[in-house]
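Given next are the chains, with one letter for each unit.
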Amino acid sequence: MSPVSQQPASRPLGPLLLRKKGFSLFGITRASLVRRFFSAMASVAIIVLVLIMVFLLRDGAGFLSTYRASLDVYRKSGMELCDLLEQPVREMQDKSTSLLRRALAHELATLTGEAKQRRDAVVVLIGKVQAMSAPERAALEVVLTASAPPETLADPRDQLRQATSRAAMSIPIPSVLSSREVEQFRRELATLTPENTELLPMLTALEAEFARQDTAARAQFAPLSAAVAACEQAPAALYETLVPLHKHARNTKELAQKRLSSRDQPEVHFPDQLKPILDARETLLTRLDDYGSRLKQAQAALPAETRSEEAAELLAQVRELLPEQAVQTAGIREKVLEWDGMHTVSMFHAALGFCFGPHWITNSPWQDFYGVVPLLTGSVLISVIALLIATPLSIAAAVYTSQFASDREKEYIKPVIEFIQAIPSIVLGFIGIALLGDLIKSVSHWPLLAWLPGFPIEERLNMFNAGCLLALMAVPTMFSLAEDALNSVPQSYAAASEALGATKLQTVFRVIVPAALSGILAGILLGLGRVIGETMVVLLVAGNRIAIPDFGDGLGVVFQPAHTLTGIIAQELGEVSRGSGHWQALFMVGILLFIISLVVNWCARAFARRLETPKS
Amino acid sequence: MPTDSPSATPHPIISVERFNYAYGDHQVLFDVDLPIRSEDVTAFIGPSGCGKSTLLRSINRINDLVDSARVVSGTIKVDGVDLYSPEVDPIALRRQIGMVFQKYNPFPRSIFENAVYGLRVAGITDKAELMDAAERSLKAAALWEEVKDRLQELATGLSGGQQQRLCIARAIALQPRILLMDEPCAALDPIATAKIEELILSLRGSYTFVIVTHNMEQAKRIADRTTFFYKGKVIETGDTLDLFTKPGNKLTEDYVTGRLV
């Protein structure tokens, strides 16, 4: 009798409870084999992550000691002392002379303005006429370069003459030129042939007139000119004293580097090497004081009256600036006196230099600095711009799609927004260079928009441009996550809200969006993670100027070019020698990026977890 | 048993007249005629899918949220006004006809914010007025004593029964004329159920209650009038005691005695 036909109750139970013999490999059953396979896959991911961290740390870890040693040599060779003196003085001098030069230019313009205008008007007119007759000119040039017989030249020549005179008649002439001059101008235009490389006689005359007036004006404004020259020359003696010291310090540094690279070289005895520089310290300080007194002289020599208002304003600024600079000079003096060339640079100092150093200078013949601040500010500013643009855009789109759109609209909106993710970032970079940059620049030149901070802008490639493109890249992530979060708000909330007499809008903004808030925030943070880590677009579009942006522009700061953490690695890693301090510095930047991404992702996860809890 | 008032005072506040209702092409209510008397507790009973919830959800037009839902023909009049005429503002309507759902669904906010949500969306911002309303409605819902010291805590931290009473408080904060309840005790344990029933009995007379329930004992305990639905039609309606003790229809009899599922 087969067991099936038996009554279940009378079937023997014991044998059915025993483990059956099945497939097994080295005593491992199939089920546990499958389980191990999956656990191995999971561990691979974790192991890879750990390896990446180890690898980054291995190459980055040496950075601090390398940088410390480099800064140590920088100090003990006396280079630091030179910079301590020279850099602030140069900055001060640049600032004051540029103000004075601008003041002088305004003053000169009050006398020579008209002559300059007339000359510039003619230059512009010639340019316009040439642009309008460009096709005929090109045709004539072709014939000329083909060295064709002279009789064939007559026709293209005639055509060029006609085109030129047509253009000369049609363009508007600015009112600074008298009617006689206009006549003369049109006559002389006929001589504008490709062979004629000389300036038009009229232009030459105007040029001479301007030069004559300029000389006269300079003589009239001699006090101001003298002040400019005095300011320019003020630190000359100081610089002169520094030149041999520079040479000596660099020499010491080279010796130290040779000693570092091979043990055969003699050891450098820094105190001996530093002696000439320390001996010169007194002279340097005398020169510095001399600079301070020259500033005072320049201050006294400033003319009391000006012809133009702009110059008066600039001179007022200079009057405020010069005493400040005198105070600064005293500060420099103290620093120089306090400076101790034998005090060894600490690891902490090197770490501070990396984290808060305002200069990223590499391959310098003088001294390399690896301060991450200019890169970090660039990255952060660009990310902030991107988030400010992307957040309202993607959240509004998500609210509309999940709450208001019809099913048909949803079918279009979602795939289209998510498709943006498929655009390769290099292609977005093209768009930034070829389209967006020009667009932003030309829009910024509209007189209507001149009140906006930073407008009109000169740089096509800037942080705002990069921020716009990165915003586009962050939108799909932020939109998808926000939409998911909104959709996962229980339907019962909406029903309860409407049953209490709320309108659809009230329901969405008082109940659904707040309930989805943690998911939306998680989306924003993941978008931020994507933006910070993005490389290609910022490398192409952000302008790659390694400097801390000038926040004096207010909001206009966003239209300045900048470099980023990611961009610097991509740009410089290929060119540095493996294992050098520069190489290690780039790895440190990589570690910094890694930490930032880790923190951002961790925050996003923390927010996402909060989303899961309130659903009961 | 609350059946002492005879059906001799026929003042229906809600009158459903030849009402046909459908989801897309699928008709769920057929020629429903039903007067619901003011200040009574009316229970809708019937097997799953009989249309009793749909009728309830048509009375405050919350079914408008369902895209395919539509009235085929007929009317529901409240105090003589056809609810589905274009002049009716569904928002204003829902302020007068409150609703409590099967699954308690307070918003993930503080207890206080839940209690005054209806007033807030109605545009009331005065702090004192909101506080008054919250206290009044929480007291009416017999929840005040339990939550008065933690009004700013998250409502979702309360027990299930408390959450459902908060939902009732939230509905009565607007002082509606009619309160619709869609199986309000389905997700609750017996003790919480008893509290809700007690609450309904204590509020009887202040509001007109319409309650959908699967629990016939509950209908017997709390309802003045009971209506039996079967396959989208009203089979029988009457005083609760009469309907359960001497049903006039074979189907009703089968259902109340447990022979019809």
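Since we're looking at a predicted model, the values are computed, not measured. The written sequence of each chain sets the order in which its residues are numbered from 1. Here chains are named by letter from A upward and ligands by number from 1 upward, in the order in which they appear as written. In view of the model being predicted, local features appear only for residues whose pLDDT reaches at least 70, and side-chain atom pairs are presented and counted only at 80 or more, with totals across whole chains, interfaces and linings using the full set of residues. Neither water nor hydrogens contribute to the side-chain values; these are computed over all heavy atoms in the structure.

All right, on to the interface of chain A and chain B then. The contact criterion used is simple: two residues touch if any of their non-hydrogen atoms lie within 4.5 Å. Facing the 18 residues of chain A at the interface are 22 residues of chain B. The buried area of a pairing is the accessible area, by a 1.4 Å probe, that goes missing from both parts when the two are put together, added over both. It is Ala499, Leu500 and Arg510 of chain A in chain A that bury the most area against chain B; as a group they hold 35% of the surface buried on that side. Here, a salt bridge means any Lys or Arg side-chain nitrogen found within 4 Å of an Asp or Glu carboxyl oxygen. Connecting chain A to chain B are 1 salt bridge. Here Arg94 of chain B makes a salt bridge to Glu498 of chain A, at a shortest N to O gap of 3.5 Å. Any pair of N or O atoms that falls within 3.5 Å is considered a polar contact. Within protein, one atom must be able to donate a hydrogen and the other to accept it, and sequence-neighbouring residues count only if both atoms are side-chain atoms. Seen at the junction of chain A and chain B, the total is 6 residue pairs in polar contact (both at pLDDT 80 or more).

Quick look at the domain arrangement of chain A now. All names here are of chain A. How far each domain reaches was decided by an automatic or database domain assignment. The domains assigned to chain A are domain 1 (27-60), domain 2 (64-106 + 223-352), domain 3 (111-217) and domain 4 (373-609). Taking both sides of the interface into account, the surface hidden between domain 1 and domain 4 amounts to around 680 Å²; carbon and sulfur atoms contribute 77%. Three residues stand out in domain 1 for area buried against domain 4, namely Leu56, Asp59 and Gly60, and they jointly supply 66% of the buried area on that side. At the boundary of domain 1 with domain 4, the tally comes to 0 salt bridges. On inspection of domain 1 and its partner domain 4, the count reaches 1 residue pair in polar contact (both at pLDDT 80 or more).

Glancing now at the nonpolar core. Among buried residues, the Ala, Val, Leu, Ile, Met, Phe, Trp, Tyr and Cys ones that are joined through side-chain atoms within 4.5 Å form a nonpolar core. Remark: exposure states derive from per-residue accessible area (1.4 Å probe, protein chains only) relative to the maximum for the residue type, with buried under 20%, exposed over 50%, and partly exposed in between. Counting residues in hydrophobic clusters, the biggest one holds 207 residues, and the most contacted among them are Ile14, Leu55, Leu138 and Phe209 of chain B. A run of H or I in DSSP becomes a helix once it reaches four residues, and a run of E becomes a strand once it reaches two; helices and strands are each numbered from the N terminus. Top contributing element to this core by residue count: helix α16 (residues 463-487) of chain A, with 13 residues. Two domains each put at least three residues into this core: domain 2 (64-106 + 223-352) and domain 4 (373-609) of chain A. In this structure, Phe209 of chain B is in contact with Asp40, Val41, Thr42, Leu179, Met181, Ile200, Leu203 and Arg204 of chain B, ignoring residues within four places of it in sequence. One finds Ile126, Ala168, Val182 and Phe185 of chain A within the second-largest nonpolar core, a separate group that totals 15 residues.

Time to look at the pairing of strand β3 (residues 41-45) of chain B. Residues in a regular strand point their side chains to alternate faces of the sheet. All names here are of chain B. By the criterion of burial, β3 is predominantly enclosed, with 5 of the 5 residues buried. Here β3 shows no split at all, with Val41, Ala43 and Ile45 on one side and Thr42 and Phe44 on the other all buried. For β3 and strand β9 (residues 225-230), the ladder comprises 4 bridges, and the chain directions are parallel. Along β9, the bridge assignment pairs Phe44 with Thr227. A strand pair is defined by DSSP finding two or more bridges across the two strands.

As a general rule, the predicted coordinates of low-pLDDT regions are not to be interpreted in detail. Residue and element names in this part refer to chain B. By definition, pLDDT measures how confident the predictor is in each residue, and it falls between 0 and 100. In the predicted model, chain B carries a mean pLDDT of 88, and 96% of its residues have values of at least 70. In the model, residues 1-8 has pLDDT below 50 throughout and makes 19 contacts with residues more than four positions away in sequence or in other chains. On the interface metric, ipTM, the complex scores 0.88, and its pTM is 0.77.

Residues and elements named next belong to chain A. Counting through the fold element by element, Asp83 comes out in helix α3 (residues 79-132). Neither His nor the chain ends contribute to the count of charged residues, in which Lys and Arg are positive and Asp and Glu negative. Although buried, Asp83 forms no salt bridge, and the nearest oppositely charged side chain, Arg90, lies 8.3 Å from it. Not counting residues within four places of it along the chain, the set of residues in contact with Asp83 comprises Tyr74, Pro88 and Trp366.

Summed over all chains, the structure comprises 33 salt bridges over all chains. Here Glu145 of chain B ties to Lys148 of chain B by a salt bridge, and the two come within 3.2 Å at their closest N and O atoms. When the shortest N-O distance is used, the salt bridge between Arg221 of chain B and Glu197 of chain B registers 2.6 Å. In this pair, Arg221 of chain B is assigned in helix α9 (residues 216-222) and Glu197 of chain B in helix α8 (residues 190-203), connecting sequence segments 24 residues apart. Here Arg221 of chain B falls in the partly exposed class, since its relative accessible area comes to 42%. Take Glu197 of chain B: its relative accessible area is 7%, and that puts it in the buried class. Residues participating in the shared-partner salt-bridge network are Lys116, Arg119, Asp120 and Glu207 of chain A.

Residues and elements named next belong to chain B. Read from one edge of the open sheet, 4 strands run β2-β1-β4-β5, paired in antiparallel fashion. Each edge of the open sheet is held by one strand with a lone partner, namely β2 (26-37) and β5 (81-82). With 8 bridges connecting them, strand β1 (residues 12-23) and strand β4 (residues 69-78) associate as antiparallel partners. Bridging across to β4, Glu17 finds its partner in Thr75.

Our focus in this paragraph is the sheet that holds β3 of chain B. All names here are of chain B. Spatial strand order, β6-β7-β8-β3-β9-β10: 6 strands in an open sheet with mixed pairing. On the outer flanks of this sheet lie β6 (97-100) and β10 (233-239), each paired with one strand and no other. In this sheet, adjacent strand axes meet at a mean angle of 15° when their direction is disregarded. Every axis in this analysis is a line fitted to C-alpha atoms, fitted for helices over the stretch in contact. Angles between the N-to-C directions lie between 0 and 180 degrees. Against the sheet, helix α1 (residues 52-59) engages β3, β6, β7 (178-182), β8 (208-212) and β9, with an angle of about 150° to β7. Together, β6 and β7 form the strand contacts of helix α7 (residues 160-172), whose direction differs from that of β6 by roughly 170°.

Right, let's talk about the packing of aromatic side chains for a bit. One pair of aromatic rings is described through two measures. These are the centre distance and the angle between the planes. Centres within 6.5 Å make a pair out of two Phe, Tyr or Trp rings, where for Trp the six-membered ring is used; the pair is then stacked when the planes are under 30 degrees apart, edge-to-face when over 60, and tilted otherwise. Under the definition given, this model contains 21 aromatic pairs over all chains. Residues Phe107 of chain B and Tyr117 of chain B carry aromatic rings whose centres are separated by 4.5 Å and whose planes lie at 50° to one another, so their mutual orientation is tilted. Here Phe107 of chain B, found in the loop between β6 and α3 (111-115), pairs with Tyr117 of chain B, found in helix α4 (residues 117-121); they are 10 residues apart in sequence, far enough to count as distant. Grouping residues by exposure puts Phe107 of chain B and Tyr117 of chain B together as buried. Here the aromatic rings of Tyr207 of chain B and Phe209 of chain B are separated by 6.3 Å at their centres, their planes lie at 70°, and the arrangement is edge-to-face. Residue classification places Tyr207 of chain B among the buried residues on the basis of a relative accessible area of 11%. Through successive ring pairs, a cluster of aromatic residues spans Phe63, Tyr67, Phe354, Trp360 and Tyr370 of chain A. Counted as over-ring charges are cases with an Arg CZ or a Lys NZ within 6 Å of the ring centre that also lie within 35 degrees of the ring normal. Looking at Lys103 of chain B, its charged tip hangs above the ring of Tyr104 of chain B, at a distance of 4.2 Å from the centre.

Glancing now at the pairing of β9 of chain B. Residues and elements named next belong to chain B. Of all the 6 residues making up β9, 6 are buried; the element is thus mostly covered by neighbouring parts of the structure. When β9 meets β10, the two strands line up antiparallel, connected through 6 bridges. Each residue of the ladder has a partner; that of Phe229, found in β10, is Val234.

Moving on, we come to helix α7 (residues 201-220) of chain A. Residue and element names in this part refer to chain A. What a helix should span is 1.5 Å times the count of its residues minus one. Along its 20 residues, α7 runs 29 Å from first to last C-alpha, staying within 8% of the 28 Å computed at 1.5 Å per residue. When α7 is considered as a whole, its buried residues turn out to be Met202, Leu203, Leu206, Phe210, Asp214 and Ala217. The arc enclosing the buried residues of α7, seen along the axis, measures out at 110°, which places them on a common side. The exposed set on the far side of α7, more than 90 degrees from its buried face, consists of Pro201, Arg212, Thr215 and Ala219. The elements touched by buried residues of α7 are α3 and α6 (179-189). Arc definition: directions from the helix axis to the C-beta atoms.

Here we come to the environment of Gly353 of chain A. Residues and elements named next belong to chain A. By the secondary structure assignment, Gly353 is in helix α12 (residues 347-356). Residue classification places Gly353 among the buried positions, given a relative accessible area of 19%. In sequence terms Gly353 and Leu598 are 245 residues apart; their C-alpha atoms lie 23 Å from each other. Beyond its immediate stretch of four places on either side in the chain, Gly353 contacts Tyr67, Tyr370 and Gly371.

Now for the side chain of Thr401 of chain A. Residues and elements named next belong to chain A. Relative to the assigned elements, Thr401 resides in helix α13 (residues 373-404). Assessed through its relative accessible area of 0%, Thr401 is described here as buried. Once you skip the residues sitting within four places of it in the chain, Thr401 turns out to touch Lys410, Ile413, Lys414, Phe479 and Glu483.

Turning to the packing of α7 of chain B against α8 of chain B, a few remarks are in order. Residue and element names in this part refer to chain B. Interhelical geometry of α7 versus α8 gives an angle of 20° and a closest axis separation of 9 Å. As far as their axial angle goes, α8 and α7 are roughly parallel. Along this stretch, α7 crosses α8, giving a crossing that reads as right-handed. Along the contact surface, α7 presents Gly161, Gln164, Arg165, Ile168 and Ile172, while α8 presents Ala192, Lys195, Ile196, Leu199 and Leu203. Classifying every residue of the contact of α7 with α8 by side-chain character gives 6 nonpolar, 2 polar and 2 charged. Roughly parallel covers angles under 35 degrees, roughly antiparallel covers those over 145, roughly perpendicular covers 65 to 115, and oblique covers all other angles. A clockwise turn of the near helix away from the far one marks a right-handed crossing, whereas an anticlockwise turn of less than a right angle marks a left-handed crossing. Ten residues, namely Ala, Val, Leu, Ile, Met, Phe, Trp, Tyr, Cys and Pro, are considered nonpolar, four, namely Asp, Glu, Lys and Arg, are considered charged, and the remaining ones, Gly among them, are considered polar.

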